Amino acid sequence: MDQPRVVLGVSGGIAAYKACELLRRLTESGHRVRVVPTASALRFVGEPTWSALSGNPVETEVWNDVHQVPHVRIGQEADLLVIAPATADLMARAAHGLADDLLTNTLLTARCPVVMAPAMHTEMWEHPATRENVATLRRRGTVVVEPAVGRLTGVDTGKGRLPDPEQIFQLCRRVLARGAGAATADLSGRHVVVSAGGTREPLDPVRYLGNRSSGLQGYALARVAAARGARVTLVSAAVGLPDPAGVDVVPVATAEQLRQAVVEAAAEADAVVMAAAVADFRPAVYAPGKIKKTDDREPDPITLVRNPDVLAEIAAKRARAGQVVVGFAAETDDVLANGRRKLERKGCDLLVVNEVGEHRTFGSTDNEAVVLGADGTELPVPHGPKEDLAEVVWDQVLARW
Ligand code: CTP
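Reference entry: report on the structure contained in this document. (Residues numbered from 1 in each chain as written. Predicted model: local features only at pLDDT ≥ 70, side-chain atom pairs only at ≥ 80, totals over all residues. Heavy atoms only, no water.)

### Notes on the packing of helix H11 (residues 255–266) against helix H12 (residues 310–317)
Between H11 and H12, whose axes approach to 10 Å, the crossing angle comes to 20°. In terms of axis orientation, H11 runs roughly parallel to H12. Read as a crossing pair, H11 and H12 show a hand that is right-handed. Note on element contacts: H12 touches H11 through Val310, Glu313, Ile314 and Lys317, opposite Leu258, Arg259, Val262, Val263 and Ala266. (Axes fitted to C-alpha atoms, helices over the stretch in contact; angles between N-to-C directions. Helix = DSSP H or I, 4+ residues; strand = E, 2+ residues; numbered from the N terminus. Parallel < 35°, antiparallel > 145°, perpendicular 65-115°, else oblique. Left-handed = near helix turned anticlockwise from the far one by under 90°. Contact = heavy atoms within 4.5 Å.)

### Re the environment of Ala330
The residue Ala330 is located in strand S16 (residues 324–331) in this model. Sequence separation between Ala330 and Asn354 is 24 residues, and the spatial gap between their C-alpha atoms is 4.9 Å. Non-local contacts of Ala330, meaning those with residues more than four positions away in its chain, are made with Lys342, Asn354 and Val356.

### Some remarks on the nonpolar core
In terms of nonpolar packing, the biggest core is built from 66 residues, with Trp50, Leu221 and Trp394 touching the most fellow members. In terms of residue count, helix H10 (residues 216–227) provides more of this core than any other element does, seven residues in total. Aside from chain neighbours lying at most four places away, what touches Trp50 is Val10, Ala16, Ala19, Cys20, Leu23, Val35, Pro37, Leu42, Val45 and Val58. Counting residues in hydrophobic clusters, the runner-up holds 26 residues, among them Val235, Ala265, Ala269 and Val335. (Core = buried A, V, L, I, M, F, W, Y, C linked by side-chain atoms within 4.5 Å. Buried < 20%, exposed > 50% of the residue type's maximum accessible area, 1.4 Å probe, protein only.)

### A word on the pairing of strand S1 (residues 5–10)
Among the six residues in S1, five count as buried, and that is most of the element. Taken together, the six bridges between S1 and strand S2 (residues 32–37) define a ladder with parallel strand orientation. What sits directly across from Val6, in S2, is Val33. Where the polypeptide runs from S1 across helix H1 (residues 16–28) and back to S2, its parallel neighbour, the crossover connection is right-handed. Pairing geometry for S1 and strand S3 (residues 80–86), over four bridges, is parallel. Within S3, the residue paired with Val6 across the bridge is Leu80. (Pairing = 2+ DSSP bridges. Right-handed = clockwise from strand over helix to strand, strands pointing away.)

Next up, the structure:
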């Protein structure tokens, strides 16, 4: 799609200032953006700012340029409508189909995907009225992003922050990439758990046994699931990757911590995707003080013990009826035959098999894989962005629900 047309709706919350950053990211990456602020949003950030950053006149009123019928035209022409921040009031009006200003009119006339990034105080987010409005919007196909947890306006902290603008931008990109034809929020109402990254098994306070997993594939799975409307818990053993918008991130380090977090989240999940590289072994003994070198003798050998197999445990347990369990396998040779055997041994529904080797770098943003199904299916996914593979995985999960 060249120059996708994005309508950025801004409702009246203090996080409106962060929407400037989102607007900048959108315009700099080649999107044509029209900003539609509500009257309250304009009290936080004025019209000249929106107009300068978008390079377009700003539409604020149903009653301006009436001959061009802006309340219909803006929505009809959009490829994506993103509202950030979305206040409790805006979502209430949207859920009830009110059309008392230009932005709510635009919402009613738009036929493109709609993303809302709420920001408000925790109490307002948790209020039953807001919960019901959010559920209604999600049921109708709007992607309502979970707010982030952290410092709110004033001294309090909790759930309700606008996610990082860069991460909202990434989510918007994903929704646009799926195209107008794709059902926007086809994972809506589902809770999925994804594990990502490589575990670190400590030897002493400063050393660990680790692996080269970057976590990029797991993060792509989480990002794509959120863009398709799922509630996502990301159990992350990855270090240094930013939290994707709308995703609950549970940081872990060791295989045992990862196991506990995944088992807990899986209890009420519709799918579990184990993309993490979980260490099969850990040092048998953890030295509470740093292991010192000695001049008079060689270092002691490191004894290893087995870690629990989280994937096999989750697949055997099936905490919930109909839960779909997905594993990943990295193989160096005889990829498909080894993959098939692993799929059976682990008892999962789907296994994503990657060929790895020294010539295939970890940390790449691309991937190539075959998705094997317990039902005998075999789906090759050509070399491409990890997000494309993630789309295929969720399509396959959806088909099995
Ligand atoms: N996995 C897991 N717990 C472990 C090891 C692996 O849950 N202790 C999961 C990974 O998240 C991945 C899948 O199992 O989804 C495949 O892991 P892999 O290490 O390739 O399989 P192994 O059983 O270790 O087989 P092998 O070492 O023989 O290749």
